[in-house]
Amino acid sequence: MASVKFLLRNKKAIKPVSIYYDIHLSAKDRLRGATKSKILPKFWDERNQKVRNVASASSIKDSINSKLSEFDSFVFEKINNYKTYNNQKVTKLLKEDIDVFFGKKIVHIEKELTFYPFIDKFIEQSENRIIESTGAKISDRTLHDYKRVLELIQSFEKENNYEITFNTITLDFYYAFVNYLEELDFSINTIGKFIKVLKMFMNKATEEGLNTNLTFRNKRFMKPTGTSEQIYLNIEELNKIIALNLKDEPILDNARDLFIIGAFTGLRVSDFNGLTKENISTHQGKRIFKVIVKKTGKYLPIPLHPEVEKILAKNGGHPPKKMYAQKINDSLSKIGYKAKIKENITINTIKGGKKITKNLPKYDLIKNHTSRRSFCTNAYLAGMPEIDIMAISGHTSLKTFRNYIKITDDERAVKIAENPFFQVKSKLTVE
């Protein structure tokens, strides 16, 4: 009699590993392979062949156990329906059906999906998709990126009278689409993010047998990258913003306060915009913000800077009211103008493979993310160790963190000059 067992090959792993199936049809005929489910070995109940019923595995337990049970039923249903008792033939037929079950083989597509219907369906299914390795749902930010790329492709098609199908995603399309995004003033890194999403769409369609055009895998169909040209505000400039009297302009006043909290906490706008009194705590006599970072889901404790304390006191102990992120952005250039942050900044961009140079007033470049860069840069200039700054900003990569340090060569030279190496008095004497 056939039997189905599930097992882990590496029971001592500290990262999620694949759950394998082991089907016994007879003493000589067995079928083994990997399911699409992964689990931390410490959560696996080998005796009962399922995820253990523990709180730390509650987010993935039901999903994985249901999939394993479904596979078990699928195997016995297929075996019972085969019109043969020859174990070798059963093994061959079952292997083909299991490949279909796990999406490794497409045998029939009831209705062929074209480009747009496929993307619509993919985005719709993504709204409830669970990342099996973490048990978390796909983030709202990721879903937003999917929808944004779809909107941009549709607007490109309309404005350029270029029909979009799987087969028309060619190198000509790639160059024209990148140029279109450049004309919309997206940064090179943002364009790279959009191209990455498009390549993911095409790859998924290829895996499902809907696309045979592999141009998107061409090395020239690349995700553009570049060095960020974003600015930071130094302490003097931040103080100019803090000193503004905005009592008669409540929207600008609230946006200013939110921005300043970001500039002295290093939080992203998604985290500093919407803080509540419940985020404030005291640990060993020090007041801190206790934040669960939305992008990573990690806990982040951040000391309250005196300027942040002033803003809380101004609001009766509460952080400022939440605003639409774009509304904050729209307010910041006005705030920067009022604070007379008018230094001309040279911005270099790449369009059509050519370097374009622009000179813009600094207030025009102040955005939500400027606060985070300002925190990292000012803390660095103040001599705070990089590891401590990263602990507050939440950066895990030193390379990524250093991209946030926006200082001039002269500012770096001054900081280096303050190093004890340059402070030691020479013992040499001149005869």
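Residues numbered from 1 in each chain as written. Predicted model: local features only at pLDDT ≥ 70, side-chain atom pairs only at ≥ 80, totals over all residues. Heavy atoms only, no water.

Remarks on the nonpolar core
- If you look at the biggest cluster of nonpolar residues, it comprises 47 residues, and the most contacted ones within it are Leu-233, Ile-241, Phe-259, Phe-289 and Ile-366.
- If one sorts the elements of this core by residue count, helix 8 (residues 250–263) sits on top with seven residues.
- Beyond its immediate chain neighbours, meaning those up to four positions away, Ile-241 contacts Leu-233, Arg-256, Phe-259, Ile-260, Ile-335, Ala-339 and Ile-341.
- In terms of nonpolar packing, the next biggest core, distinct from the first, is built from 36 residues, Phe-122, Val-178, Met-202 and Leu-210 among them. (Core = buried A, V, L, I, M, F, W, Y, C linked by side-chain atoms within 4.5 Å. Buried < 20%, exposed > 50% of the residue type's maximum accessible area, 1.4 Å probe, protein only. Helix = DSSP H or I, 4+ residues; strand = E, 2+ residues; numbered from the N terminus. Contact = heavy atoms within 4.5 Å.)

Digging into the pairing of strand 2 (residues 17–24)
- A large share of strand 2 lies buried, amounting to seven of its eight residues.
- In this sheet, strand 2 lies alongside strand 1 (residues 3–7) in antiparallel orientation, the contact comprising five bridges. Bridge assignment links Lys-5 to a residue of strand 2, and that residue is Asp-22.
- The pairing of strand 2 with strand 3 (residues 30–39) spans seven bridges and is antiparallel. By the bridge assignment, Ile-23 is partnered in strand 3 with Leu-31.
- Linking strand 2 back to strand 3 in an antiparallel pair, the connection comprises five residues. (Pairing = 2+ DSSP bridges.)

Observations concerning the packing of helix 3 (residues 115–126) against helix 6 (residues 188–207)
- Between helix 3 and helix 6, the shortest axis-to-axis distance is 11 Å and the interhelical angle comes to 100 degrees. Here helix 3 lies roughly perpendicular to helix 6, going by the angle between them. Seen from helix 3, the contacting residues are Phe-115, Phe-118, Ile-119 and Phe-122; seen from helix 6, they are Leu-198, Met-200, Phe-201, Met-202, Lys-204 and Ala-205.
- Considered class by class, the residues forming the contact of helix 3 with helix 6 number nine nonpolar, no polar and one charged. (Axes fitted to C-alpha atoms, helices over the stretch in contact; angles between N-to-C directions. Parallel < 35°, antiparallel > 145°, perpendicular 65-115°, else oblique. Nonpolar A, V, L, I, M, F, W, Y, C, P; charged D, E, K, R; others polar.)

Digging into the sheet that holds strand 2
- Taken in spatial order, the three strands line up as 1-2-3 in an open sheet, and their pairing is antiparallel. Whereas interior strands pair on both sides, the edge strands pair on one side only; in this sheet they are strand 1 and strand 3. On average, adjacent strands in this sheet sit at an angle of 25 degrees to one another, irrespective of strand direction.
- In the packing of helix 1 (residues 58–81) onto the sheet, contacts are made with strand 1, strand 2 and strand 3, and the angle to strand 1 comes to roughly 150 degrees.

Quick look at the pattern of salt bridges
- Enumeration over the complete set of coordinates arrives at 17 salt bridges.
- For Asp-145, the salt bridge identified is with Arg-141, shortest N-O distance 3.8 Å. Linking Asp-145 with Arg-141, this pair stays in helix 4 (residues 140–160), spanning four residues, or about one helical turn.
- Measuring nitrogen to oxygen at the nearest pair gives 2.9 Å for the salt bridge that ties Glu-309 to Arg-287. Residue Glu-309 is located in helix 10 (residues 306–314), and its partner Arg-287 is located in strand 9 (residues 286–292); the two are separated by 22 residues in the primary sequence. (Salt bridge = Lys/Arg side-chain N within 4 Å of Asp/Glu carboxyl O.)

Concerning helix 10
- Residues of helix 10 that are buried: Glu-307, Val-308, Ile-311 and Leu-312. Viewed end-on, helix 10 has its buried residues packed into an arc of 145 degrees, placing them on one side of the element. Residues of helix 10 that are exposed and angled more than 90 degrees away from the buried face: Pro-306, Lys-310 and Ala-313. (Arc of directions from axis to C-beta.)

A short note on the sheet that holds strand 10 (residues 299–303)
- In spatial order, the strands read 8-9-10; together these three strands make up an open sheet with antiparallel pairing. Each having just a single partner strand, strand 8 (280–283) and strand 10 make up the two edges of the open sheet. Sheet twist, expressed as the mean angle between neighbouring strand axes with direction ignored, is 40 degrees.

Concerning a nonpolar patch on the surface
- On the surface, a cluster of nonpolar side chains totalling about 360 Å² of accessible area is made up of Ile-416, Phe-421 and Phe-422.
- Topologically, Ile-416 is positioned in helix 15 (residues 409–417).
- Taking relative accessible area as the criterion, Ile-416 reaches 44% and is therefore assigned partly exposed. (Patch = residues over 30% accessible without salt bridge, like charges linked within 9 Å, V, L, I, M, F, W, Y side chains within 5 Å. Areas by Shrake-Rupley, 256 points an atom, 1.4 Å probe, with all protein chains shown as cover.)

Points about the pairing of strand 8
- As defined by bridge partners, strand 8 adjoins strand 9 across four bridges and the pair is classed as antiparallel. By the bridge assignment, Ser-281 is partnered in strand 9 with Ile-288.
- Count of turn residues in the strand 8/strand 9 antiparallel hairpin: two residues, of which Gln-284 carries a positive phi of about 50 degrees.

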